Amino acid sequence: METWRVIATVLLAAAGLPLVLVLMAKARDRTDSSATVAVTGAVAFVALLLLGVVMLTVLPGVLTWCVAGLVVAALGVMMLAG
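Quick summary incoming for the structure in this document. This one's a predicted model, so the numbers in the text were calculated from it and none came from an experiment. Starting from 1, residues in each chain are numbered consecutively following that chain's sequence as written. Per-residue local features of the predicted model are confined to residues with pLDDT of at least 70, and side-chain atom pairs are confined, for both listing and counting, to 80 or more; whole-chain, interface and lining totals are unaffected and use all residues. Note that the side-chain values use all heavy atoms of the structure and ignore hydrogens as well as water.

For salt bridges, the criterion is a side-chain nitrogen of Lys or Arg within 4 Å of an Asp or Glu carboxyl oxygen. Evaluation of the coordinates by the stated rule reveals 2 salt bridges. A salt bridge links Arg5 to Glu2; the nearest nitrogen and oxygen atoms lie 3.0 Å apart. Relative accessibility decides the category of a residue: with a 1.4 Å probe and only protein chains considered, values under 20% of the type maximum give buried, values over 50% give exposed, and everything between is partly exposed. Overall, Glu2 belongs to the partly exposed group, its relative accessible area being 40%. We note a salt bridge from Arg28 to Asp29, for which the minimum N-O separation is 3.6 Å. Classification of Arg28 by relative accessible area gives partly exposed; the value is 46%. By relative accessible area, which is 57% here, Asp29 ends up exposed.

All right, on to the packing of helix 1 (residues 3–31) against helix 2 (residues 34–57) then. With their axes 9 Å apart at the nearest point, helix 1 and helix 2 run at an angle of 165° to one another. By the angle between their directions, the pair helix 1 and helix 2 is classed as roughly antiparallel. Taken as a pair, helix 1 and helix 2 cross one another with a handedness that is right-handed. Ten residue types, Ala, Val, Leu, Ile, Met, Phe, Trp, Tyr, Cys and Pro, are classed as nonpolar, four, Asp, Glu, Lys and Arg, as charged, and the remainder, Gly among them, as polar. Here the contact of helix 1 with helix 2 is composed, by residue class, of 15 nonpolar, 8 polar and 2 charged. An axis is simply a line fitted to the C-alpha atoms; with a helix, the fit covers only the stretch in contact. Between two such axes, the angle follows the N-to-C directions and lies from 0 to 180 degrees. Helical segments are the DSSP runs of H or I of at least four residues, strand segments are the runs of E of at least two, and each set is numbered from the N terminus. Convention used here: angles under 35 degrees read as roughly parallel, angles over 145 as roughly antiparallel, angles from 65 to 115 as roughly perpendicular, and any remaining angle as oblique. Crossings are sorted by hand: turned counterclockwise from the far helix by less than a right angle, the near helix makes the crossing left-handed, and turned clockwise it makes it right-handed.

Along the polypeptide, Thr3 turns up in helix 1. Accessibility expressed as a relative area gives 57% for Thr3, which makes it exposed.

The structure is reproduced here in structure tokens:
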């Protein structure tokens, strides 16, 4: 496994985990339902996990870095808009 793949995946995880929490908070604000918050968190976490595995194994380099950058940008936008 190449070093750049590991670095990109760590960047994805570092930005993705807070993004999952932000999504859960927004779901709580909109619905006031703990079941919806739990489903939102589970779906976002599983999507993040699957994306990390794909980035570590088969995704091309340019696409890997684009995905990591997109997640970091999404976190920045959601934190500023919150």
